[in-house]
Amino acid sequence: LYPAHDTPVAIPDDGSWAYAGTRIRRENHDAGPVRIIAPSGVLTADSMYTPKAMVRNFGLSGISLPVRLNIGSGYADSTNVSALGPGDSVMVNFRAWNSPSQGACPVRCTTALSGDEFTDNDVIAETARVYYRDIALLSFVSPPDTVDSGRAVLPQARVRNNSTQDETFLMY
């Protein structure tokens, strides 16, 4: 966006905001990540995920570019996107990643388009959270060890939440 002293003739239809007195300029050579698809949000502990990110060509010509994904300090992978047309997006898959048993996992996706004219949109980051889920059966409270046949009994049990968060669960 570049300041101008006149009102724009057309407002872009790509969802971006344009204010009166602002001139919109689309760069000839520009790409960036637009969304981290996985891992994202709340994750299951000690599980395998396929990291994925959406990358977009914001420029006016076809491009090829490297894309890198980091998760915490222990995971890094990169891949190349080829022949991405102007205005097109592509989902990029990375090698598998195993989540830890619990905690925050910072996820960062970076593009490195050679000659990128607008580098402010080359990085996207978020934090996924891994929770440990475990409900333990401590004991049966009711029925006692012996029940008369034909007698209706409401089963009761004592349980403990060993999870790292509040849990809702069914008992059978």
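Structure: see above.
No experiment lies behind these values; they were computed from the predicted model shown. (Residues numbered from 1 in each chain as written. Predicted model: local features only at pLDDT ≥ 70, side-chain atom pairs only at ≥ 80, totals over all residues. Heavy atoms only, no water.)

Participant: Just to check I follow, could you spell out the overall build of the chain for this structure?
Facilitator: Secondary structure summary: the chain contains zero helices and 14 strands in total. Taken from N to C terminus, the helices and strands of the chain fall in the order β-β-β-β-β-β-β-β-β-β-β-β-β-β. Split into buried and exposed, the 172 residues of the chain put 27% on the buried side. Nonlocal contacts in the chain, meaning residues at least 24 apart in sequence, comprise 61% of its contacts between residues at least 6 apart. About 11,300 Å² of surface is accessible on the chain, with carbon and sulfur atoms providing 50% of the total. (Helix = DSSP H or I, 4+ residues; strand = E, 2+ residues; numbered from the N terminus. Buried < 20%, exposed > 50% of the residue type's maximum accessible area, 1.4 Å probe, protein only. Contact = heavy atoms within 4.5 Å. Areas by Shrake-Rupley, 256 points an atom, 1.4 Å probe, with all protein chains shown as cover.)

Participant: How should a nonpolar patch on the surface be read in this particular structure?
Facilitator: The grouping of I135, L137, F140, V159, F169 and M171 at the surface amounts to a nonpolar patch, some 560 Å² of accessible area in total. Among the elements that make up the nonpolar patch, the one with the highest residue count is strand β13 (residues 135-142) (three residues). In this structure, F140 sits in strand β13. (Patch = residues over 30% accessible without salt bridge, like charges linked within 9 Å, V, L, I, M, F, W, Y side chains within 5 Å. Salt bridge = Lys/Arg side-chain N within 4 Å of Asp/Glu carboxyl O.)

Keep in mind these numbers describe shape, not what the thing actually does.
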